[in-house]
Amino acid sequence: MYAIVEIAGIQTKVESGKFFYTNKLSGNEGDAVEFANVLLTDDNGTLSVGAPFLDNIKVTGTIQGHAKGDKVIVFKKKRRKGYKKKNGHRQQYTKVLINTIG
């Protein structure tokens, strides 16, 4: 069984018993999280599609930890003007383990 949920404006496919990374969520390691914006569920070939969300279906999980992504270098330059800017960015993620769908 899998579901497609909307988390912070991003649609993500989740399966029960597996983990995934999403943008940083507020909460500590071990806290329970609940996602109510379920767009679609599949239970052994039986599709349920919401318009836009399914009622009475929630996805629950636990926060496994927080992590940072790879560093992205942002380099700006204007030629012949002596203008150079170098900036780095590391996106923060949350690792979530899905417990139940339903």
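Structure: above.
What you see is a predicted model, and the numbers here were worked out from it, not measured in a lab.

Criteria and thresholds
Residues numbered from 1 in each chain as written. Predicted model: local features only at pLDDT ≥ 70, side-chain atom pairs only at ≥ 80, totals over all residues. Heavy atoms only, no water. Salt bridge = Lys/Arg side-chain N within 4 Å of Asp/Glu carboxyl O. Buried < 20%, exposed > 50% of the residue type's maximum accessible area, 1.4 Å probe, protein only. Pairing = 2+ DSSP bridges. Helix = DSSP H or I, 4+ residues; strand = E, 2+ residues; numbered from the N terminus. Axes fitted to C-alpha atoms, helices over the stretch in contact; angles between N-to-C directions. Contact = heavy atoms within 4.5 Å.

On to the pattern of salt bridges. Following the criterion strictly, the structure yields 2 salt bridges and no others. Close ionic contact of glutamate 15 with lysine 18 constitutes a salt bridge, the shortest N to O distance being 3.6 Å. The exposure class assigned to glutamate 15 is partly exposed, which follows from its relative accessible area of 30%. What makes lysine 18 partly exposed here is its relative accessible area of 48%.

The subject of this paragraph is the sheet that holds strand β2 (residues 10-15). Across the sheet, which stays open at both edges, the 4 strands sit in the order β2-β1-β5-β6 with antiparallel pairing between neighbours. Both edges of this open sheet fall to β2 and β6 (46-49), since each of them pairs with a single strand only. Across the sheet, the mean angle from the axis of one strand to that of its neighbour is 15°, orientation sign disregarded. Where strand β5 (residues 38-43) meets β6, 4 bridges bridge the pair, whose relative direction is antiparallel. Within the sheet, the bridge partner assigned to leucine 40 lies in β6 and is valine 49.

Before going further, it helps to examine the environment of threonine 100. Mapped onto the fold, threonine 100 is located in strand β8 (residues 83-101). Here threonine 100 falls in the partly exposed class, since its relative accessible area comes to 43%. In this structure, the C-alpha to C-alpha distance between threonine 100 and glycine 9, residues 91 residues apart in sequence, is 21 Å. Apart from the residues lying within four places of it in its own chain, the contact partners of threonine 100 are Ser16, Lys58, Val59 and Thr60.

By the bridge criterion, 4 bridges tie strand β4 (residues 32-35) to strand β7 (residues 59-78) in an arrangement that is antiparallel. Following the sheet pairing, alanine 32 is matched in β7 by threonine 62. Here β7 runs beside β8; their pairing, made up of 17 bridges, is antiparallel. Considered in β8, the bridge of valine 72 is made with histidine 89. If you look at the hairpin formed by β7 and β8, you'll find 4 residues sitting between the two strands, and arginine 80 has a positive phi there, around 65°.

The values reported here are purely geometric and, on their own, carry no functional implication.
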